[in-house]
Amino acid sequence: MHVRLLLVLMLVIVIQTGGQTLPPRISKYRVSFGSITRNRQTLLILRRFELNGKPYCLLVDPQTLQTSVAPDQSNSPTVLTLADLLNFQLSSPYSQALSAAASNAKPLQDAGFTHTLPREKGITLTIDLCPSHKPLDRIIFTSLAQELGKYESPVPLALSITGVWMKQHPDDLAWLKQLANKGVLSITWINHSFHHHVSTTEPLNENFLLEPGTNLNDEVLLTEQAMLANGLIPSVFFRFPGLISDQELVKRIGQYGLITVGSDAWLAKGQTPGWGSIVLIHGNGNEPVGVQDFLQLLRQHQADIANRQWLLYDLRRE
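Being a predicted model, the structure only gives us computed values, none of them experimental.

Trainee: Lay out the nonpolar core in plain terms, naming residues and giving numbers.
Mentor: General note: in soluble globular proteins, nonpolar side chains tend to be found buried as a group. Ranked by internal contacts, the top residues of the largest apolar core, which has 39 residues, are Leu125, Phe141, Leu144, Leu159, Leu176, Trp189 and Phe294. Top contributing element to this core by residue count: helix H9 (residues 288-300), with 5 residues. Leu144 has contacts with Leu125, Gly149, Val155, Leu157, Phe294, Leu298 and Leu312, leaving out every residue within four places of it along the chain. With 25 residues, the next largest nonpolar core counts Ile26, Phe208, Leu210 and Phe240 among its residues.

Trainee: So what's going on with the confidence of the model for the protein? Residues and values would help.
Mentor: The predicted model of the protein has a mean per-residue pLDDT of 90, with 92% of residues at 70 or higher. Under a pLDDT of 50 for its full length, residues 11-18 has, in the predicted model, 9 contacts with residues more than four places off or in other chains.

Trainee: Could you give an account of the sheet that holds strand S4 (residues 67-71), with specific residues and numbers?
Mentor: With antiparallel pairing, the 5 strands of this open sheet are ordered in space as S4-S3-S2-S1-S5. Of all the strands in the sheet, just S4 and strand S5 (78-79) have a single pairing partner and so form its edges. Bridge count between strand S1 (residues 26-38) and strand S2 (residues 41-51): 9 bridges; the pairing is antiparallel. Paired with Thr37 across the strands is Thr42, a residue of S2. Sheet contacts for helix H7 (residues 216-229): S1, S2 and S4; angle to S1, the most-contacted strand, approximately 80 degrees.

Calculation rules
Residues numbered from 1 in each chain as written. Predicted model: local features only at pLDDT ≥ 70, side-chain atom pairs only at ≥ 80, totals over all residues. Heavy atoms only, no water. Core = buried A, V, L, I, M, F, W, Y, C linked by side-chain atoms within 4.5 Å. Buried < 20%, exposed > 50% of the residue type's maximum accessible area, 1.4 Å probe, protein only. Helix = DSSP H or I, 4+ residues; strand = E, 2+ residues; numbered from the N terminus. Contact = heavy atoms within 4.5 Å. pLDDT = per-residue confidence, 0-100. Pairing = 2+ DSSP bridges. Axes fitted to C-alpha atoms, helices over the stretch in contact; angles between N-to-C directions.

Put into structure tokens, the structure is as follows:
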């Protein structure tokens, strides 16, 4: 069960309220690690919560890193600690990714995964949606559908989304969900914090999520709740605002069972992508240079795309 389950629940709510659309009511949302076996498949529990008064959980498949939402009907799930989670199926992609991201806890910038090792030529595209009063750069997504849709369907990409952006841009969010529901895009939804506070005057070691007084629990869990309320399934990935963190902050993110994702090719900063790069652009209207650089990258690789020699990769399958 995944996004379709949430859509069905939202439809039920509409019917029960006489046609008035109300968002799902999420309560008692909390970190809770465990494991269950369904259809001979072991899944890990990351969160437990109530959806319209009924118990649900957020699950991850440790082999595929795919997350899902399902009713919490387990009578006796195995309760795990964070250490158990890290040691659970040590050879699984999820356990290895958690450990690898935690080991790359750089002092200030670009912690976690910054590069992947694809089997073929190509990149992993990540698009950040930080708070902005400007509209979504829809040309990014229409260009991807046009240039890559004939060869990769749906087109895989990852969106790092903030809670504030979701509140500011409901129409843009609905448009993105429509592209995903139609099978045009395959979107991995990355937690990018709720508020994404930033100061133009404070030093980096006291900025973004390092700002004194930051409530990390709110920044992480309120974003996931906002995703669920909007019919999105949170992934197991987290991107720090501004790519700024310290070793303690990376460790704390790992305690939520989340994998930190950085970038080795922030296009607006002039960084050139290579094979396996995790490319970063902003689609929130605040970074036109990065958008133009990416569109130029698509034009540059038109022939390679046609020959399947330059592809986009799903972040969950690296």
